[in-house]
Amino acid sequence: MFTPNEYGLFSMPTLETPRLTLRRMTLKDAKDVFEYSRDADVARHVLWSAQKDIGEAKDYCRYRADEPSSWGIVDKKTGRLVGTIGYMNYDMDNASVEIGYSLAKWMWNGGYMTEALRRVIDYTFDAMDINRIEAQHELDNPASGRVMEKCGMRKEGVLRQRLYNKGQFVDVALYAILRDDPRPKT
């Protein structure tokens, strides 16, 4: 089984879905990242702020390129990087990971994040010694919960004021899927 390196991070193979390529990010992705990450609606429910200039996007890409725990989400139709998905936390003692993601606003409601998350869930269970995959969303972002449910994740509860985001503590819903749980077919 695939296990993390000494830093708790993973090498990230390129993954394919019918409409997306999930791959490591590079500095060349900065323009695409800036295009979607400057949108306040995209940044609203993630732990980073809307980017103000291309320099911030370059810094973000540089960080993600050196951090082998995230994939850039590339739309095969346009060749543009339109989001990210990856491991936010890894608990080796309990064989669990937390997945987080973001997506360009113009891609919302098209099933793209569901497609990406299903692929990452399948990869994680198939290639790694993981028993549990978790994800969470702020309560005022129910669309993210629907993505998780479509991928076979179950809501386990609400964690009150779990995160400090954009100057306030926010409640989140916690979802999980276990290795032995049924997974929806793609």
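Provided above is the structure to which this section pertains.
The model shown is predicted, which means the values in this text are computed figures rather than measured ones.

Chemist: Just give me the short version of helix α5 (residues 142–150), but keep the residues and values in it.
Modeler: All of the buried residues along α5 are Ser 144, Gly 145, Val 147 and Met 148. Considered in projection along α5, the buried side chains sweep an arc of 155° and stay on one side of the axis. Residues of α5 that are buried in the fold lie against β5 (96–103), α4 (112–127), β6 (132–138) and β8 (168–178). Downstream of α5 by a residue or two, Gly 152 has a phi angle that is positive, lying close to 90°.

Chemist: Tell me about the packing of aromatic side chains, and please be specific about residues and values.
Modeler: Within this structure, the stated rule accounts for three aromatic pairs. The rings of Trp 71, Tyr 87 and Tyr 123 are connected pair by pair, giving a single aromatic cluster. Sitting over the face of the ring of Tyr 112, Arg 19 holds its NZ or CZ atom 3.8 Å from the ring centroid.

Chemist: Let's hear about the nonpolar core: which residues, and what values?
Modeler: Membership of the largest hydrophobic core comes to 45 residues, with the highest contact counts inside it found for Trp 71, Ile 85, Tyr 87, Leu 117, Ile 133 and Met 153. Of all the elements, α4 adds the most residues to this core, at eight residues. The residues touching Ile 85, leaving out its near neighbours within four places in the chain, are Leu 22, Ser 70, Trp 71, Ile 73, Ile 99, Gly 100, Tyr 101, Met 113, Ala 116, Leu 117 and Val 120.

Chemist: If you had to explain the pattern of salt bridges to someone new, which residues and values would you point to?
Modeler: For the structure on display, the rule yields nine salt bridges. For Lys 76, the salt bridge is made with Glu 16, and the minimal N-O distance between the two is 3.0 Å. Here Lys 76 is found in the loop between β3 (70–75) and β4 (81–91), whereas its partner Glu 16 is found in strand β1 (residues 15–16), with 60 residues between them in sequence. A relative accessible area of 39% means that Lys 76 is categorised as partly exposed. With its nearest N and O atoms 2.4 Å apart, the salt bridge here joins Glu 156 to Arg 132. A residue pair is termed long-range when its members are at least 10 positions apart, and Glu 156 in strand β7 (residues 154–165) and Arg 132 in strand β6 qualify at 24 residues. By relative accessible area, Arg 132 is classed as buried at 18%. Here the residues in one salt-bridge network are Asp 122, Asp 126 and Arg 183, joined through shared partners.

Chemist: Residue-level account of the sheet that holds β3, with values.
Modeler: Read from one edge to the other, the open sheet built from eight strands follows the order β1-β2-β3-β4-β5-β6-β8-β7, with strand pairing classed as mixed. The outermost strands of the open sheet, each flanked by one partner alone, are β1 and β7. Bridge count for β7 against β8 is eight bridges, and the pairing is antiparallel. When the bridges of β8 are listed, Arg 154 appears paired with Ala 176.

What counts as what
- Residues numbered from 1 in each chain as written.
- Predicted model: local features only at pLDDT ≥ 70, side-chain atom pairs only at ≥ 80, totals over all residues.
- Heavy atoms only, no water.
- Buried < 20%, exposed > 50% of the residue type's maximum accessible area, 1.4 Å probe, protein only.
- Helix = DSSP H or I, 4+ residues; strand = E, 2+ residues; numbered from the N terminus.
- Arc of directions from axis to C-beta.
- Contact = heavy atoms within 4.5 Å.
- Phe/Tyr/Trp six-rings, centres within 6.5 Å; stacked < 30°, edge-to-face > 60°.
- Lys NZ or Arg CZ within 6 Å of the ring centre and 35° of its normal.
- Core = buried A, V, L, I, M, F, W, Y, C linked by side-chain atoms within 4.5 Å.
- Salt bridge = Lys/Arg side-chain N within 4 Å of Asp/Glu carboxyl O.
- Pairing = 2+ DSSP bridges.

Shape descriptors only; they carry no functional weight alone.
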